[in-house]
Amino acid sequence: MTEMSGTPLIDLQDISKTYDSGTVALQSVSTSIAQGSFVSLLGPSGCGKSTLLRIIAGLVQPSAGTVSWPSTDGARPSDIGFVFQDATLMPWASVFDNVYLPFKLRGQSAKDVGPQIMDALSRVGLADFTKSFPRELSGGMKMRVSIARALVTRPPVLLMDEPFAALDEFTREKLDDDLLALWQSENWTVIFVTHSVYESVYLSERVLVMGARPGRILHDMMIDEPHPRGRAFRATAAYGQRCAEISDALRHDAGGA
Amino acid sequence: MENSRLLRILVPTIVGIAFLVLWEVAVRVKGVPEFVLPAPSRIGESLIANFGSLMFSLWITLRVTLSAFVLAVIGGVGLAVLFSQSRLIEGALFPYAVVLQVTPVVSIAPLILIWVGYDHVEVALLIIAWIVAFFPILSNTTLGLRSADHNLRDLFRLYGASRWQILSELLLPSAMPYMLAGMKISGGLALIGAVVAEFVAGSGTSTGLAWRIIEAGNRLDIPKMFAALLLLSALGIVIFFALTWAEHRLLRRWHESALKREN
């Protein structure tokens, strides 16, 4: 059931993380992520799913274990798209300048990469808002800027940490669909952290169900429904059944807590 | 919009004029002696009569104030940036910055005067005004540099930003509103520092407004005292509005504090 067809992009070996306070955030997490797949990390608060994502990004060092990237000789690619729960934009910079950031930090001039920035902005439907400031945008639009920034350098992998959790349901569903469309056209690998069973089933090819205390992977479930899925998918029996299965798995492991 | 402008400008102006008229009338009717309280018209006359010397004094005070302010910005921001780069340096130096701040400046003024020598009174004035002005900039900028968004910091690391890029592209812009708030406080304090310094240390060869006030007081030339006082207030107001304007220009596009709300 967890067999993978593609080349593994990321290999996680026995990842553990213990914080200085003694909290065990993750214990012996091992898995691999296939190139081009859409994987969700699902679990309750405190199960270490965000920590795992940050370890993959290299923002947090694991206490034990290794993260390797077989397709790039083991080393983490210099280009990783990361989207936080908040849009995490620079409030003093225009939409254009926010998306320009990854290039700017590499010393590329705005003139050279202008077309790429405009392309990324039109992909998220914000081509007309280049001069706006984050303060002038709605929550959903800010999130779109954040996504444009993550995809502007065309990274091989996009890491998303509960990106739409703070948005209203209508906006969230819209962004879910847009994300799926982008994933299919860009040939990305997406690792998507969420605490919503429905969102994980709707989006992913594979859901890693995590449990807390200590944080670990409990179930590795494939959602082998075809893409593109579209709204109609939410009304199918298969969708409902998948959601029920995963909810049961989560509830069972919560141990009635 | 129209109403709020009316309220902001016209109403205080009317109150001011009414106050001056009342003052003028009260002094004339009651026959208050000039050395107790001169009428506004007498203060105006004195201002015109001593215009040249008062303007020169204004220039001297302005020069000390502005120099102290500029040095306070450089020193305060520079030290705060240094603190942001190393907790060790911050731990080592911050307590002494506090000591400098809490020690009443008047009490160390004579010492400073002795150290720099009576030939360089202007340097002493500058140092005293600087001590008064620099702390708000230091503490505000330090706080501002620390309040950069942690996720943005992670993002910068993810994109391989250098220490310098993190400082110039993330920490300093984040600290900007705090820095400007500190500068607004310091602008006023630099003037207070310059005046206090002159009271304590004298003016050396050139004479600032504070010294004019002492001088006029000794001669019981109260209208001239008021005229100098008027110029000091005007200077303080100009500094305050200049910094408020700068703050508005720099923050109006993005910071919560500079935005107008519709409701």
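Residues numbered from 1 in each chain as written. Chains lettered and ligands numbered in written order. Predicted model: local features only at pLDDT ≥ 70, side-chain atom pairs only at ≥ 80, totals over all residues.

Okay, the overall build of chain A next. Counting its secondary structure elements, chain A contains seven helices and nine strands. In terms of overall dimensions, chain A is globule-like: its C-alpha atoms have a radius of gyration of 18 Å, near the 18 Å expected for 257 residues. When its C-alpha atoms are laid out on the principal axes, chain A stretches across 55 × 40 × 35 Å. Looking at chain A as a whole, 40% of its 257 residues are labelled buried. Considering only contacts within chain A whose residues lie at least 6 apart along the sequence, 72% involve residues at least 24 apart. (Helix = DSSP H or I, 4+ residues; strand = E, 2+ residues; numbered from the N terminus. Rg over C-alpha atoms; globule rule 2.2 N^0.38 Å. Buried ≥ 20, exposed ≤ 12 C-beta atoms within 10 Å, placed from the backbone. Contact = placed C-beta atoms within 7 Å.)

Here we take up the overall build of chain B. Within chain B, the regular secondary structure consists of 10 helices and zero strands. Beginning at the N terminus, the succession of helices and strands in chain B can be written as α-α-α-α-α-α-α-α-α-α. Overall size of chain B, expressed as C-alpha extent along the three principal axes, is 75 × 55 × 30 Å. Residues classed as buried in chain B amount to 36% of the 263 residues present. Put simply, of all contacts in chain B between residues at least 6 apart along the chain, 77% involve residues at least 24 apart.

Along its 26 residues, helix H6 (residues 121–146) of chain B runs 38 Å from first to last C-alpha, staying within 8% of the 38 Å computed at 1.5 Å per residue. The largest bend in H6(B) amounts to roughly 30 degrees and is located at B:Ala133, with the proline B:Pro136 lying one to four residues further along. (Expected span 1.5 Å × (residues − 1). Bend = angle between axes of the 7 residues up to and from the residue.)

With 15 residues of chain A at the contact, the number on the chain B side is 15 residues. In terms of residue class, the side of chain A that touches chain B is built from 11 nonpolar, two polar and two charged. (Nonpolar A, V, L, I, M, F, W, Y, C, P; charged D, E, K, R; others polar.)

Residues and elements named next belong to chain A. The three strands lie next to each other as S2-S1-S4, forming an open sheet whose pairing is antiparallel. For this open sheet the edge positions go to strand S2 (24–34) and strand S4 (64–68), each flanked by a neighbour on one side alone. Averaged over neighbouring strand pairs, the angle between their axes works out to 10 degrees when direction is ignored. In the sheet, strand S1 (residues 8–18) pairs with S4 via four bridges, with the strands oriented antiparallel. Each bridged residue has a counterpart across the sheet, and for leucine 12 the counterpart in S4 is valine 67. (Pairing = 2+ DSSP bridges. Axes fitted to C-alpha atoms, helices over the stretch in contact; angles between N-to-C directions.)

Before going further, it helps to examine the pairing of strand S7 (residues 189–194) of chain A. All names here are of chain A. Counting buried residues in S7 gives six out of six residues, a clear majority hidden from the surface. Side chains Thr189, Ile191 and Val193 of S7 all project onto a buried face; the interleaved residues Val190, Phe192 and Thr194 project onto the opposite face, where all are buried too. Bridge count between strand S3 (residues 38–42) and S7: five bridges; the pairing is parallel. Opposite leucine 42, over in S7, you have threonine 194 as the bridge partner. What joins strand S6 (residues 157–161) to S7 is helix H5 (residues 169–186), and the crossover it makes is right-handed. (Right-handed = clockwise from strand over helix to strand, strands pointing away.)

Now for the domain arrangement of chain B. Where the parts come together, the accessible area they lose is often given as the size of the interface. Domain annotation for chain B reports domain 1 (1–32) and domain 2 (45–258). Here the C-alpha centroids of domain 1 of chain B and domain 2 of chain B sit 32 Å apart. (Domains from an automatic or database assignment.)

What follows deals with the confidence of the model for chain A. Averaged over every residue, the pLDDT of chain A is 88; the share at 70 or more is 95%. Here helix H7 (residues 237–254) of chain A stands out as the element of chain A with the lowest mean pLDDT, 85, in contrast to helix H2 (residues 95–104) of chain A, whose mean of 95 is the highest. (pLDDT = per-residue confidence, 0-100.)

To continue, consider the environment of B:Asp119. Residues and elements named next belong to chain B. Counting through the fold element by element, aspartate 119 comes out in the loop between helix H5 (105–116) and H6. Of the residues examined, aspartate 119 has 9 C-beta atoms within 10 Å and is grouped as exposed. Distance in space between the C-alpha atoms of aspartate 119 and valine 77 is 31 Å, their sequence separation being 42 residues.

This paragraph deals with unusual backbone geometry. All names here are of chain A. Cis rather than trans, the peptide bond between arginine 213 and proline 214 has omega equal to -10 degrees. Structurally, the position occupied by proline 214 is in the loop between strand S8 (206–211) and strand S9 (216–222). Of note, the phi angle at aspartate 14 is positive, near 50 degrees, even though the residue is not glycine. Tracing the sequence through the fold places aspartate 14 in strand S1. The residue arginine 154 is not glycine, and still its phi comes out positive at about 55 degrees. Relative to the helices and strands, arginine 154 is located in the loop between helix H4 (139–151) and S6.

Turning our eyes to something else, we now look at the sheet that holds S7(A). Residues and elements named next belong to chain A. Pairing within the open sheet is mixed, and its six strands lie in the order S5-S6-S7-S3-S8-S9. In the strand order of this sheet, the two ends are held by strand S5 (80–83) and S9, each with one partner. Direction aside, neighbouring strands of the sheet carry axes that sit 15 degrees apart on average.

Per-residue confidence for chain B gives a mean pLDDT of 90, with 95% of residues at or over 70. Of the two predicted TM-score estimates for the complex, the pTM is 0.83 and the ipTM is 0.87.

By size, the foremost hydrophobic cluster in this structure holds 136 residues, and its most contacted members are A:Val99, A:Ala148, B:Ala68, B:Ile128, B:Ala129, B:Ala133 and B:Ala190. Beyond its immediate stretch of four places on either side in the chain, A:Val99 contacts A:Ile117, A:Ala120, A:Leu121, A:Val145, A:Ala148, A:Arg149 and A:Val152. (Core = buried A, V, L, I, M, F, W, Y, C linked by C-beta atoms within 7 Å.)

Next up on the list: the packing of helix H8 (residues 163–201) of chain B against helix H10 (residues 222–251) of chain B. Residue and element names in this part refer to chain B. Remark: H8 packs on H10, axes separated minimally by 10 Å, with the N-to-C direction vectors making an angle of 170 degrees. Between H8 and H10, the interaxial angle falls into the category roughly antiparallel. Of H10, the residues touching H8 (which contributes Met176, Pro177, Leu180, Met183, Lys184, Gly187, Gly188, Leu191 and Val195) are Leu232, Leu235, Gly236, Ile239, Phe240, Leu243, Thr244, Glu247, Leu250 and Leu251. Of the residues contributing to the contact of H8 with H10, the split by class is 13 nonpolar, four polar and two charged. (Parallel < 35°, antiparallel > 145°, perpendicular 65-115°, else oblique.)

What follows concerns H5(A). All names here are of chain A. A rise of 1.5 Å per residue sets the reference length of H5, with its 18 residues, at 26 Å; its end C-alpha atoms lie 25 Å apart and thus fit the reference within 8%. Among the residues making up H5, those that are buried are Asp176, Leu179, Leu180 and Trp183. Down the axis of H5, the buried side of the element spans an arc of 100 degrees, and every buried residue falls inside it. Across from the buried face of H5, at angles greater than 90 degrees, the exposed residues are Phe170 and Ser185. Looking at the residues trailing H5, positive phi occurs at asparagine 187, about 60 degrees. (Arc of directions from axis to C-beta.)

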